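# Working through the structure, step by step
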Amino acid sequence: QVQLVESGGGLVQAGGSLRLSCAASGRTFSSYNWGWFRQAPGKEREFVAAISGTFGVIRYADSVKGRFTISRDNAESTVYLQMNSLKSEDTAVYYCAAATPRALPSLNFATYEYWGQGTQVTVSS
C-alpha cells in the first residue's frame with residue numbers, strides 16, 4: 001500500500017524557517033516526480049514546488065522563488081521542502097504528492113497520483 005507521510009509543519013514567526021519532509025513507502029519512487037502543494041482556508045489548492053525524478057528538473061511558484069527549496073533523497077524515498085523567510089501568506093496546509101515519471105514536473109495537482117495527508121504550517125506576523 002502506497003503511503004506518503006508529511007512532517008515538519010508547525011507554528012513559526014514571520015521571517016522564520018521550517019523544513020517539511022515527505023516519506024514515501026509501498027513502492028519504489030526513485031524515478032517519480034514529486035510536488036508540494038498548499039491550501040489555505042477558503043482558497044484552492046495551489047502549486048508550490050516540484051522536482052522531476054529522472055533529471056532533477058525543479059520548478060517553483062513565483063510566490064516562493066528564492067525562499068523555498070525542494071530536494072529529494074531517492075535512497076530514502078523522501079522529498080523535502082526547506083522554507084525560509086516565511087510570510088503570513090505562506091500559512092496553509094502543505095501536501096506532498098508523487099506522479100509517474102515525466103520529463104518535466106507538473107504544476108497541475110490533477111496529474112499527481114499519490115498524496116500525503118497534509119501538514120499545517122502557520123506563520124504568525
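Quick caveat, the model's predicted, so the values are computed rather than measured. (Residues numbered from 1 in each chain as written. Predicted model: local features only at pLDDT ≥ 70, side-chain atom pairs only at ≥ 80, totals over all residues. Heavy atoms only, no water.)

### Things to note about the overall build of the chain
- A count of helical and extended segments in the chain gives zero helices and eleven strands.
- Along its sequence from the N terminus, the chain presents helices and strands in the succession β-β-β-β-β-β-β-β-β-β-β.
- For 125 residues, the compact-globule estimate of 2.2 N^0.38 gives 14 Å, and the C-alpha radius of gyration of the chain, at 13 Å, lies within 12% of that figure.
- In terms of overall dimensions, the chain has C-alpha extents of about 40 × 25 × 25 Å along its principal axes.
- Expressed as a percentage of the 125 residues in the chain, the buried residues total 43%.
- A fraction of 60% describes how many contacts in the chain between residues 6 or more apart in sequence connect residues 24 or more apart.
- As displayed, the chain has an accessible area near 6,200 Å², and 48% of this comes from carbon and sulfur atoms. (Helix = DSSP H or I, 4+ residues; strand = E, 2+ residues; numbered from the N terminus. Rg over C-alpha atoms; globule rule 2.2 N^0.38 Å. Buried < 20%, exposed > 50% of the residue type's maximum accessible area, 1.4 Å probe, protein only. Contact = heavy atoms within 4.5 Å. Areas by Shrake-Rupley, 256 points an atom, 1.4 Å probe, with all protein chains shown as cover.)

### What about the sheet that holds strand β1 (residues 3-7)?
- Taken in spatial order, the four strands of this open sheet run β1-β3-β8-β7, and their pairing is antiparallel. The open sheet has two free edges, formed respectively by β1 and β7 (68-73), since each of these has just one partner strand. For this sheet the average axis-to-axis angle between neighbouring strands, irrespective of direction, equals 15°. (Pairing = 2+ DSSP bridges. Axes fitted to C-alpha atoms, helices over the stretch in contact; angles between N-to-C directions.)

### Observations regarding the nonpolar core
- In terms of nonpolar packing, the biggest core is built from 34 residues, with Trp34, Trp36, Leu81, Met83 and Tyr94 touching the most fellow members.
- Every element with two or more residues in this core is listed here: β3 (18-25), β4 (33-39), β5 (46-51), β7, β8 (78-83), β9 (92-99) and β11 (119-124).
- If one sorts the elements of this core by residue count, β9 sits on top with six residues.
- Excluding its chain neighbours within four sequence positions, the residues that come into contact with Tyr94 are Glu6, Leu20, Trp36, Phe37, Arg38, Val48, Phe68, Leu81, Met83, Gly118, Thr119 and Val121. (Core = buried A, V, L, I, M, F, W, Y, C linked by side-chain atoms within 4.5 Å.)

### A look at the pattern of salt bridges
- Counted under the stated rule, the structure contains four salt bridges.
- Here Arg38 ties to Glu46 by a salt bridge, and the two come within 2.5 Å at their closest N and O atoms.
- Exposure remark for Arg38: the relative accessible area of 4% places this residue in the buried category.
- Shared partners join several salt bridges into a network, and the residues in it are Arg38, Glu46, Arg67 and Asp90. (Salt bridge = Lys/Arg side-chain N within 4 Å of Asp/Glu carboxyl O.)

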